[in-house]
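Spelled out, the chains give:
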Amino acid sequence: MAVTIEELYRNYGILADAKPEDLSQHKDAYQVILDGVKGGPKEKRLAAQFIPKFFSSFPELADAAINAQLDLCEDEDVSIRRQAIKELPRFAAGENIVRVADILTQLLQTEDSAEFNQVNTALVSIFKMDAKATLGGLFSQILQGEDIVRERAIKFLSIKLKTMPEDAMTKEVEDYIFTETKKVLEDVTGEEFVLLMRILMVLKGLQTMSGRQQLVELVVEQAFLEQALNPADPDTVDRLLQCTRQALPLFSKNVHSTRFVTYFCDHVLPNLSSLTSPVAELDIQLEVLKLLAEMSPFCGDMEKVETNLTMLFEKLLEFMPLPPETEGENGENTLSDEPKLQFSYVECLLFSFHQLGKKLPDFLIDKINAERLKDFKIRLQYFARGLQVYIRQLRVALQGKTGDALKTEENKIKVVALKITNNINVLIKDLFHNPPSYKSTVTLSWKPVQKAEAVALKRPSGEDMGAGSTMKKQLSPPLPRRDARQIYNPPSGKYSATIGNFSNGEGGGEGAIRHLRFVLYGQNTTAKGCVQALRDA
């Protein structure tokens, strides 16, 4: 016979009126409350509230009480489930905390948003009671649970861990997180890897120099840098991109990028044109060159500096054309005959070459024969001439524009174009020194500026035009997320999730603006084409 509302209230009264030391004598009254989970909706809602209230007084019925509450957490009525979940933290005491955390982690798979939020709140609540035990329940499900539970448990930690109180995040707790995360990293998807790295990066113990070095070692293991790159396999390429992106924020003058830079020079640059992009819209060559450029300032001592510089030098030659040999009827080169200029590629390669060149300043003098050096300087000179014309046109186009005028699609593109061309011009000037210099500093065009200010330019002098001096204060268009959300796959160790597009040139654009966008992002165009696009825009 099912328990009634009246019986539940009567037995609740017995327990509520009893002295604490006498509660254990009323085991039968508590059993009636446990039986309330077999009643109707009203009885179940009361049982969900009454069971946890007296749970600690009946240790011999602990398993029965937790199981009864768990039954309510799985009830068909969402209001009953929410009430039962809300009360679950009251069962979290002693050895029960791991079990409660495990149950709550499984409940993260709910599709009801209010219930999902209730589970999150309950998990945070018991985390503050006993962080390590709660993590035990979470990691148990991450390592052994269903795919949807694993995914949501990892996301929970990546979001909530950084909000936990400092007194909960002891060294013991942080060490436990690091140890368990390493186990999870043995077999992860691309999205999981990104989220797990976020978890580790919030740990205070890993924010020191030695801590960041440990994280780099973890990423190196994931990147398989001891293996040759298969450029035709999009999963392999994706893995390398994901790992490199995660390592980038960790690099510094003391935590070096040497192994990644060496791998890019040894395995990626030689296969640049044959890389298979994991995303159809992604310019994989430009993506790779940008990553290499960002890493190069943090490269330490290299065993094969000359070899790596030679590879960069060869790639530069590919993207820096010789002047045309033929002329049109009017004595000028025709638009179709002019060599193609790819400014974004050249910015990345020149920057990387400039950074590594500091390690072997005599490379262009002692390691390159006279004919090749002459050829290289001719290419630099031709590229620089085209740049100066383009810079002049860009400055005129942006002169006097401030505020909202700089926020239009056209002017955002022009501002980025000016940053790219100025950077290239500065680096070329350094290489024209005798001997070549590696002293100038530039900020890569896609890196966000610290303080965005309006670009109000005066007409530059002839000297400024030749120097191509960098603009220190100018607006940069917003960068797309590099770690855009990826499609979840069951754990398979494969990096097959979708990656974010690194290009600054998102969106449409018609006519001359489309042409100008092509100039920036690696598409073929000519010096005259650049200027014509600006005039038309």
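What you see is a predicted model, and the numbers here were worked out from it, not measured in a lab.

What counts and how
As a convention, each chain's residues are numbered from 1 in the sequence order in which they are written. It should be noted that, the model being predicted, local features are given only for residues of pLDDT at least 70 and side-chain atom pairs only at 80 or more, the latter also being counted only at that level, while totals for whole chains, interfaces and linings use all residues. Excluded from the side-chain calculation are hydrogens and water; included are all heavy atoms of the structure. Think of it this way: any DSSP run of H or I at least four residues long counts as a helix, any run of E at least two long counts as a strand, and we number them from the N terminus. Think of it in three bands: with a 1.4 Å probe and only protein chains considered, a residue is buried below 20% of the maximum accessible area for its type, exposed above 50%, and partly exposed in between. Note on contacts: a residue pair qualifies if any of its non-hydrogen atoms lie within 4.5 Å across the two residues. To measure how exposed things are, a 1.4 Å probe is used in the Shrake-Rupley method; for residues, cover is taken only from the protein chains shown. The axes used here are C-alpha line fits, helices contributing only the stretch in contact, and every angle between their N-to-C directions lies in the interval 0 to 180 degrees. Any angle from 65 to 115 degrees is called roughly perpendicular, while one under 35 is roughly parallel, one over 145 is roughly antiparallel, and all others are oblique. Crossings are sorted by hand: turned counterclockwise from the far helix by less than a right angle, the near helix makes the crossing left-handed, and turned clockwise it makes it right-handed. Gly falls in the polar group here, along with every residue not listed as nonpolar (Ala, Val, Leu, Ile, Met, Phe, Trp, Tyr, Cys, Pro) or charged (Asp, Glu, Lys, Arg). Aromatic rings from Phe, Tyr and Trp, taking only the six-membered ring of Trp, are treated as a pair when their centres fall within 6.5 Å; an angle between ring planes under 30 degrees marks them as stacked, one over 60 as edge-to-face, and anything in between as tilted. Ring-over charges, as used throughout, are those where CZ of Arg or NZ of Lys falls within 6 Å of the ring centre and within 35 degrees of the ring normal. To count as a disulfide, a pair of cysteine sulfur atoms needs to be within 2.5 Å. Note on terminology: a nonpolar core comprises buried Ala, Val, Leu, Ile, Met, Phe, Trp, Tyr and Cys residues joined through side-chain atoms within 4.5 Å. To be clear, the arc concerns the directions from the helix axis to the C-beta atoms. The predictor attaches a confidence to each residue, and that confidence, scored 0 to 100, is pLDDT. Within this document, salt bridges are pairs made up of a side-chain nitrogen of Lys or Arg and a carboxyl oxygen of Asp or Glu, the two lying within 4 Å of each other. Take the residue count of a helix, subtract one, and multiply by 1.5 Å to get its expected span. Here a polar contact is taken to be a pair of N or O atoms separated by no more than 3.5 Å, where protein atoms must pair a possible hydrogen donor with a possible acceptor and residues adjacent in sequence count only if both atoms sit in side chains.

**A closer look at the overall build of the protein chain**
Check the secondary structure of the protein chain and you find 23 helices and 0 strands. Going through the 537 residues of the protein chain one by one, you find that 52% of them count as buried. Partitioning the intrachain contacts of the protein chain with sequence separation of at least 6 by distance along the chain shows that 74% fall at a separation of at least 24. Accessible surface computed for the protein chain: about 24,600 Å², of which carbon and sulfur atoms make up 48%.

**Examining the packing of helix H8 (residues 131–144) against helix H9 (residues 147–160)**
The N-to-C vectors of H8 and H9 enclose an angle of 140°; their axes lie 8 Å apart at closest approach. For the element pair H8 / H9, the angle class is oblique. Regarding H8 and H9, the two cross each other, and that crossing is left-handed. Of the residues in H9, those in contact with Leu 135, Leu 138, Phe 139, Gln 141, Ile 142 and Leu 143 of H8 are Val 149, Arg 150, Ala 153, Ile 154, Phe 156 and Leu 157. Split into classes, the residues belonging to the contact of H8 with H9 amount to 10 nonpolar, 1 polar and 1 charged.

**A word on the packing of H9 against helix H11 (residues 190–201)**
In the contact formed by H9 and H11, the axes pass within 8 Å of each other and the chain directions differ by 30°. Classed by the angle they form, the pair H9 and H11 counts as roughly parallel. Once H9 is placed against H11, the crossing between them reads as left-handed. Facing H9, whose interface residues are Arg 150, Ile 154, Lys 155, Leu 157 and Ser 158, H11 presents Glu 191, Glu 192, Leu 195, Leu 196 and Ile 199. In terms of residue class, the contact of H9 with H11 is built from 5 nonpolar, 1 polar and 4 charged.

**Focus: the packing of aromatic side chains**
For the coordinates displayed, the defined rule picks out 15 aromatic pairs. Between the aromatic rings of Tyr 9 and Phe 50, the centroid separation amounts to 6.0 Å while the plane-to-plane angle is 70°, which identifies the pairing as edge-to-face. Here Tyr 9, found in helix H1 (residues 5–17), pairs with Phe 50, found in helix H3 (residues 41–53); they are 41 residues apart in sequence, far enough to count as distant. Assessed through its relative accessible area of 47%, Tyr 9 is described here as partly exposed. When its relative accessible area of 7% is taken as the criterion, Phe 50 is described as buried. Within the aromatic cluster, the residues linked to one another by ring pairs are Tyr 9, Tyr 12, Phe 50 and Phe 54. Cation over ring: Arg 239 sits above Phe 224, and NZ or CZ is 4.2 Å from the ring centre.

**Description of the state of the cysteines**
Going through the model one piece at a time under the given rule, you end up with 0 disulfides. Here Cys 265 is not disulfide-linked; the sulfur of Cys 299 is the nearest cysteine sulfur, at 7.8 Å. The exposure class assigned to Cys 265 is buried, which follows from its relative accessible area of 2%.

**Focus: the nonpolar core**
One finds Tyr 30, Ile 51, Leu 104, Phe 353 and Leu 364 to be the most contacted residues of the largest nonpolar core, which totals 158 residues. The element contributing the most residues to this core is helix H19 (residues 370–398), with 11 residues. With near-sequence residues (within four places) excluded, Phe 353 lies in contact with Leu 309, Leu 312, Phe 313, Leu 316, Phe 363, Leu 364, Leu 431 and Tyr 438.

**Regarding helix H2 (residues 27–35)**
Those residues of H2 that sit buried are Ala 29, Tyr 30, Ile 33 and Leu 34. Relative to the axis of H2, the buried residues are bounded by an arc of 145° and lie together on one face. Buried residues belonging to H2 abut H1, H3 and helix H4 (62–73).

**Overview of the confidence of the model for the protein chain**
This prediction gives the protein chain a mean pLDDT of 83; 81% of its residues lie at or above 70. Note that pLDDT drops below 50 for residues 452–519; the model gives that stretch 187 contacts with residues more than four away or on any other chain.

**Comments concerning the environment of Met 201**
On the secondary structure map, Met 201 appears in helix H11. Along the backbone, Met 201 and Ser 158 are 43 residues apart, and their C-alpha atoms lie at a distance of 9.7 Å.

**As for the pattern of salt bridges**
Pairing of side chains with opposite charge becomes possible as their charged atoms draw close. Within the structure shown, the criterion is met by 23 salt bridges. Among the ionic pairs, Lys 204 bridges to Glu 166, the shortest N-O distance being 3.3 Å. Here Lys 204, found in the loop between H11 and helix H12 (209–223), pairs with Glu 166, found in the loop between H9 and helix H10 (171–184); they are 38 residues apart in sequence, far enough to count as distant. For Glu 166, a relative accessible area of 61% translates into the label exposed. Linking Arg 259 and Glu 217 is a salt bridge whose minimum nitrogen-to-oxygen distance equals 2.5 Å. Residue Arg 259 is located in helix H14 (residues 258–268), and its partner Glu 217 is located in helix H12; the two are separated by 42 residues in the primary sequence. Residues participating in the shared-partner salt-bridge network are Glu 151, Lys 155 and Glu 191.

**Brief notes about helix H17 (residues 343–357)**
In a regular helix each residue adds 1.5 Å, so 15 residues correspond to 21 Å; H17 covers 20 Å between its end C-alpha atoms and thus fits that length. Burial runs high along H17: 15 of the 15 residues are buried.

**As for unusual backbone geometry**
The omega torsion of the bond from Asn 434 to Pro 435 falls at 0°, within 30 degrees of zero and hence cis. Looking at the element boundaries, Pro 435 is found in the loop between helix H20 (409–432) and helix H21 (462–467). Of note, the phi angle at Phe 224 is positive, near 55°, even though the residue is not glycine. The residue Phe 224 is located in the loop between H12 and helix H13 (234–247) in this model. A relative accessible area of 32% means that Phe 224 is categorised as partly exposed.

**Structural notes on the environment of Thr 441**
Relative to the assigned elements, Thr 441 resides in the loop between H20 and H21. Judged by relative accessible area, which is 67%, Thr 441 ranks as exposed. The spacing of Thr 441 and Asn 423 is 18 residues in sequence and 8.9 Å in space, taken between C-alpha atoms.

**Things to note about the side chain of Ser 158**
Tracing the backbone shows Ser 158 in helix H9. Taking the relative accessible area as the measure of exposure, Ser 158 reaches 9% and is therefore buried. At 2.8 Å, the side chain of Ser 158 and the backbone oxygen of Lys 155 are in polar contact. Leaving out residues up to four positions away in the same chain, Ser 158 has contacts with Leu 195 and Ile 199.

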